[in-house]
Amino acid sequence: MHVAVFILVVLVFVALSGALVRLVRLPLPVLQIAIGAALAWPARGLHVEIDPELFLLVFIPPLLFGDAVAAPKRELLAPHP
């Protein structure tokens, strides 16, 4: 599978899981793990190899940015005793 197509498929499933989480009333990470497990089921034969540098470049920065935005600013800037 071409890497660009793989990234687009992952983004589509992430967007769908965000909408689907409102319907099934499950925590988002649980739903995303279930979707990932269903996509990677051995009987389907889906096997994707992605370069580690590409993974670090494409997936890690948005995750870090999301955590930085959600971080409690007051506790972060408070002086430590």
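Calculation criteria
Residues numbered from 1 in each chain as written. Predicted model: local features only at pLDDT ≥ 70, side-chain atom pairs only at ≥ 80, totals over all residues. Heavy atoms only, no water. Helix = DSSP H or I, 4+ residues; strand = E, 2+ residues; numbered from the N terminus. Lys, Arg positive; Asp, Glu negative; His and termini not counted. Charge placed at Lys NZ, Arg CZ, Asp CG, Glu CD. Axes fitted to C-alpha atoms, helices over the stretch in contact; angles between N-to-C directions. Parallel < 35°, antiparallel > 145°, perpendicular 65-115°, else oblique. Left-handed = near helix turned anticlockwise from the far one by under 90°. Contact = heavy atoms within 4.5 Å. Nonpolar A, V, L, I, M, F, W, Y, C, P; charged D, E, K, R; others polar. Patch = residues over 30% accessible without salt bridge, like charges linked within 9 Å, V, L, I, M, F, W, Y side chains within 5 Å. Areas by Shrake-Rupley, 256 points an atom, 1.4 Å probe, with all protein chains shown as cover. Salt bridge = Lys/Arg side-chain N within 4 Å of Asp/Glu carboxyl O. Phe/Tyr/Trp six-rings, centres within 6.5 Å; stacked < 30°, edge-to-face > 60°. 1 Å grid on protein atoms, 1.4 Å probe; cavity = no way out; pocket = protein on both sides within 12 Å on 5 of 7 lines; lining within 4 Å. Points joined across faces, edges and corners; volume = space filled by probe spheres on them.

A. The arrangement of the overall build of the protein chain in detail. In terms of helices and strands, the protein chain carries five helices and zero strands. Reading the helices (α) and strands (β) of the protein chain from amino to carboxyl end gives α-α-α-α-α. Dimensions of the protein chain, computed from C-alpha atoms along their principal axes, come out at roughly 55 × 35 × 20 Å. In the protein chain, the 5 positive side-chain charges and the 5 negative ones have mean positions that sit 20 Å from each other.

B. Here's a closer look at the packing of helix α1 (residues 3-24) against helix α2 (residues 28-39). Contact geometry for α1 and α2: axes closest at 9 Å, N-to-C directions at 125°. Between α1 and α2, the angle is such that the two are oblique. Relative to α2, α1 is oriented so that their crossing is right-handed. Seen from α1, the contacting residues are Phe-13, Val-14, Ser-17, Gly-18, Leu-20, Val-21 and Val-24; seen from α2, they are Leu-28, Leu-31, Gln-32, Ile-35 and Leu-39. Across the contact of α1 with α2, the residue classes tally to nine nonpolar, three polar and no charged.

C. Highlighting a nonpolar patch on the surface. Taken together, the side chains of Leu-20, Leu-23, Val-24, Leu-26 and Val-30 make up a nonpolar region of the molecular surface, amounting to roughly 430 Å² of accessible area. Ranked by residue count, the leading element in the nonpolar patch is α1, at three residues. Among the secondary structure elements, Val-30 is positioned in helix α2.

D. Spotlight on the packing of aromatic side chains. Under the counting rule described, the total for this entry stands at one aromatic pair. Note on Phe-55 and Phe-59: the rings are 5.2 Å apart at their centroids and 40° apart in plane angle, and the pair reads as tilted.

E. The layout of surface pockets, seen in detail. Taken as a whole, the second largest pocket encloses approximately 170 Å³ of empty space. Secondary structure elements with two or more residues in the lining of the second largest pocket: α1, α3 (52-58) and α4 (60-70). For the lining of the second largest pocket, the element with the highest residue contribution is α1, accounting for three residues. Of the residues that constitute the lining of the second largest pocket, the class distribution is eight nonpolar, no polar and no charged.

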